Amino acid sequence: MNARLRYVLRLADTSLVLGQRLGEWVGHAPALEEDLGLANTALDLIGQARMLLTYAGELEGRGRSEDDLAMGRDQSDFLNFALVEQPNGDFGRTIVRQLLLDAFQLEVYEALQRSSDARLAEIAAKALKETRYHFRYSAGWVVRLGDGSEESHRRVQSALDDLWRFTRELFAEDDIDREMAAAGVAPSLAELQPRWSSRIDEVLQEATLTRPADAPYSWFGKRGEHTEHLGYLLAEMQFLHRAYPGASW
Amino acid sequence: MVVAADRESAAPPTAGSQAVGGGAATREAAVWRVLEAVQDPEIPVLSIVDLGIVRHVEWRDDGRLHVGITPTYSGCPATEVIRSLIEHALSRAGFANAVLDNVLSPPWTSDWLTEKGKQKLRAFGIAPPAESVSSVRRLFGAPTVVPCPKCGSRATERVSEFGSTPCKAHYRCTVCLEPFDYFKCI
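Rules used throughout
- By convention here, each chain's residues receive numbers from 1 onward along its written sequence.
- A letter from A marks each chain and a number from 1 marks each ligand, given out in the order of writing.
- Per-residue local features of the predicted model are confined to residues with pLDDT of at least 70, and side-chain atom pairs are confined, for both listing and counting, to 80 or more; whole-chain, interface and lining totals are unaffected and use all residues.
- Numbered from the N terminus, helices here are DSSP runs of H or I no shorter than four residues, and strands are runs of E no shorter than two.
- Radius of gyration: C-alpha atoms only; globule rule: 2.2 Å multiplied by the number of residues to the exponent 0.38.
- Counting other C-beta atoms within 10 Å of each residue's C-beta, where C-beta atoms are placed from the backbone, gives the exposure class: buried for 20 or more, exposed for 12 or fewer, partly exposed between.
- The contact rule is simple: place each C-beta atom from the backbone, and if two of them lie within 7 Å, those residues are in contact.
- We treat two strands as partners when DSSP finds at least two bridges between them.
- Helix span, as expected, comes to 1.5 Å for every residue beyond the first.
- Every axis corresponds to a line fitted to the C-alpha atoms, with the helix fit spanning only the stretch in contact, and the corresponding angles, defined between N-to-C directions, vary from 0 to 180 degrees.
- The term nonpolar core refers to a set of buried Ala, Val, Leu, Ile, Met, Phe, Trp, Tyr and Cys residues connected through C-beta atoms within 7 Å.
- Three classes are used: nonpolar for Ala, Val, Leu, Ile, Met, Phe, Trp, Tyr, Cys and Pro, charged for Asp, Glu, Lys and Arg, and polar for all others, with Gly counted as polar.
- The term bend refers to the angle at a residue between two fitted axes, each drawn through seven residues, those ending there and those starting there.
- Roughly parallel covers angles under 35 degrees, roughly antiparallel covers those over 145, roughly perpendicular covers 65 to 115, and oblique covers all other angles.
- Two helices crossing with the near one rotated counterclockwise from the far one by less than a right angle form a left-handed crossing, whereas a clockwise rotation gives a right-handed crossing.

All right, on to the overall build of chain A then. Along chain A, the regular secondary structure elements total 11 helices and 0 strands. When the elements of chain A are put in sequence order from the N terminus, they spell out α-α-α-α-α-α-α-α-α-α-α. Its C-alpha radius of gyration of 17 Å places chain A within 12% of the 18 Å reference for a compact globule of 249 residues. In terms of overall dimensions, chain A has C-alpha extents of about 55 × 45 × 30 Å along its principal axes. Looking at chain A residue by residue over its 249 residues, the buried ones come to 45%. The contacts in chain A between residues at least 6 apart in sequence include a share of 77% that link residues at least 24 apart.

Each helix and strand counted, chain B has 7 helices and 7 strands in total. For chain B, the N- to C-terminal ordering of α and β elements is α-α-α-α-β-β-α-β-α-β-α-β-β-β. Counting the 186 residues in chain B, one finds 35% classified as buried.

A few words on the sheet that holds strand β6 (residues 168-173) of chain B. Residues and elements named next belong to chain B. Strand order in the open sheet formed by 4 strands is β4-β7-β6-β5, and the pairing between neighbours is mixed. Each of the sheet's edge strands pairs with one partner strand only, and the pair in question is β4 (126-127) and β5 (156-160). Bridge analysis of β4 against strand β7 (residues 179-183) gives 2 bridges, and the strand direction is parallel. From the neighbouring strand, A127 faces β7, where its bridge partner is Y182.

This part covers helix α1 (residues 3-23) of chain A. Taking 1.5 Å of rise per residue, the 21 residues of α1(A) would be expected to cover 30 Å, and the 30 Å separating its terminal C-alpha atoms lies within 8% of that figure. α1(A) sits mainly inside the fold: 17 of its 21 residues count as buried.

Residues and elements named next belong to chain B. Looking at the secondary structure, you find L35 in helix α3 (residues 24-36). A tally of 21 C-beta atoms within 10 Å means that L35 is categorised as buried. Through-space distance from the C-alpha of L35 to that of I69 is 11 Å; in sequence the pair is 34 residues apart. Dropping the residues within four chain positions of it, L35 is found in contact with I48, V49, V54 and I86.

Residue S105(B) is joined to P106(B) through a cis peptide bond whose omega torsion reads -5 degrees. Mapped onto the elements, P106(B) comes out in the loop between β3 (99-102) and α6 (115-124). Of note, T208(A) is a non-glycine position whose phi angle comes to about 55 degrees, a positive value. One non-glycine residue, N97(B), adopts positive backbone phi at about 65 degrees. In this structure N97(B) comes out as partly exposed when scored by C-beta crowding, with 18 C-beta atoms within 10 Å.

So, on to the sheet that holds strand β2 (residues 65-69) of chain B. All names here are of chain B. Strands sit in the order β1-β2-β3 across an open sheet of 3 strands; the sheet is mixed. Since the sheet does not close on itself, it has two edges, and those belong to β1 (54-59) and β3, each with one partner. Averaged over all neighbouring strand pairs, the angle between strand axes comes to 20 degrees, with direction disregarded. Pairing analysis gives 5 bridges linking β1 to β2, with the strands arranged antiparallel. Across the sheet, the residue bridging to E58 is H66, located in β2.

Another aspect to go through is the environment of L85(B). Residues and elements named next belong to chain B. Along the chain, the position of L85 falls in helix α5 (residues 78-92). In this structure L85 comes out as partly exposed when scored by C-beta crowding, with 17 C-beta atoms within 10 Å. Sequence spacing of L85 and L65 is 20 residues, and the spatial spacing of their C-alpha atoms is 16 Å. Ignoring anything within four residues of it in the chain, the contact list for L85 reads V38 and P41.

Before going further, it helps to examine the nonpolar core. With 67 residues, the main nonpolar core has V8(A), A12(A), L52(A), A56(A), V96(A), A103(A) and V142(A) as its most contacted residues. Excluding residues within four positions of it along the chain, V8(A) makes contact with L52(A), Y55(A), A56(A) and L59(A). Counting 39 residues, the second-largest nonpolar core is a separate cluster that includes A127(B), V146(B), C173(B) and F183(B).

We now examine the interface of chain B and chain A. In this assembly, 16 residues from chain B lie in contact with 19 residues from chain A. Residue composition of the side of chain B that touches chain A, grouped by class: 8 nonpolar, 7 polar and 1 charged.

Another point: helix α11 (residues 229-243) of chain A. Each full turn of the α-helix corresponds to 3.6 residues, which orients residues three or four apart in the same direction. Residue and element names in this part refer to chain A. Taking 1.5 Å per residue as the helical rise, α11 with its 15 residues ought to reach 21 Å, and the 21 Å between its terminal C-alpha atoms agrees with that figure. Its axis deflected by about 45 degrees at M237, α11 carries its strongest bend there. Along α11, the residues that are buried comprise L230, L233 and L234. Buried-residue contacts for α11 involve α1 and α4 (82-85).

Take the packing of α1(A) against helix α2 (residues 32-60) of chain A next. Residues and elements named next belong to chain A. Two numbers describe how α1 lies on α2: the axes approach to 7 Å, and their chain directions differ by 155 degrees. With respect to α2, the element α1 is oriented roughly antiparallel. In the packing of α1 onto α2, the handedness of the crossing is left-handed. Across the contact of α1 with α2, the residue classes break down as 18 nonpolar, 5 polar and 2 charged.

Right, let's talk about the packing of helix α5 (residues 91-112) of chain A against helix α6 (residues 118-146) of chain A for a bit. Residues and elements named next belong to chain A. One can describe the packing of α5 onto α6 by two numbers: an axis separation of 7 Å at closest approach and a directional angle of 145 degrees. In the crossing of α5 with α6, the sense of the turn from one axis to the other is left-handed. Within the contact of α5 with α6, the residues separate by chemical class into 17 nonpolar, 6 polar and 3 charged.

Structure follows, in structure tokens:
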């Protein structure tokens with residue numbers, strides 16, 4: 001599998017898996033407005049994943065469609081960050097996970113608009129507008145909950161402490177990242193990190209939350225090495241397609 | 001019985017009659033008229049032309065009519081429905097076998113909504129986007145005033161950033177107390 005295809009799958013799978021996770025909230029969110037907010041965000045993410053997976057299918061050149069790629073691959077073929085496959089937990093944990101990823105996607109899509117890959121550049125320009133909206137929503141809630149009651153503060157701080165270890169992967173450059181950056185396809189992660197970091201710090205400060213210490217090691221979901229949670233998510237997402245191949249309505 | 005391919009190459013009845021003496025521009029204008037009658041499935045008061053999602057209408061070298069469509073939001077479920085509504089309307093008007101191109105760039109923003117579209121929204125009870133997404137005020141995060149589409153009061157409050165469809169947010173008027181949808185700026 002070539003580097004460009006793997007890079008596009010990383011972006012696509014990250015959006016797809018997070019979209020699927022947020023979809024789990026539909027009908028269960030703490031308030032109707034938040035139900036709509038999470039569902040709408042999920043819809044945007046799945047829409048982005050569709051565009052990216054369609055492109056990945058073309059790059060692969062084996063005639064696989066967006067659906068084939070989403071529904072027909074196994075766990076180790078998924079290249080999403082381990083962060084986004086983490087279970088929803090309570091609303092606070094979901095929104096902390098969202099903030100960490102929204103801030104990352106903001107930087108990535110912003111930079112990808114200038115990618116040497118014209119297709120990625122136009123997908124990024126589209127996705128960026130939606131991501132700005134997502135970030136405003138997640139940042140707004142992290143501030144409200146962090147600077148809210150003692151209980152809400154305690155819960156989001158503990159979610160942050162638990163999820164922080166998965167942020168290391170976002171900036172852990174590997175050969176694919178370096179090759180894509182050298183080709184002008186992707187931004188250099190080393191350049192994105194300080195911008196992501198200061199954006200997050202700004203929100204955490206306003207939310208009266210404490211930034212946890214960086215973890216000494218990292219998962220590599222983007223290389224197909226996942227936590228135990230992804231398999232269950234895929235089992236649910238892919239069941240229908242696998243049990244009834246070619247089903248449509 | 002004429003098969004679709006033949007109808008198209010021989011210029012379809014409706015298009016053909018309108019095209020007499022006119023040529024490409026007249027044929028294209030006829031297609032635009034057909035598209036102006038295609039309603040958005042979620043906001044039926046708007047046509048897809050009002051919404052600003054039709055990007056081009058032209059006959060290309062392959063001899064086929066190409067209509068370029070751009071999605072409002074990447075995941076908007078109405079996109080598929082809109083495509084089939086367009087295909088249906090075009091073939092009913094005699095423009096069978098049209099190619100619907102998916103156009104991503106430049107991306108759609110609420111600035112693409114036409115003036116006529118904004119007026120229709122207001123009349124329907126949906127507040128149109130309050131300002132251009134490229135305005136300087138927005139850049140500095142100044143709060144936007146969304147006037148109530150029912151009574152015109154500027155004393156309104158946001159209930160939720162998200163509403164009944166991806167393109168709308170939820171507001172409430174504090175004067176006439178009416179809840180309403182706001183076509184959000186993106």
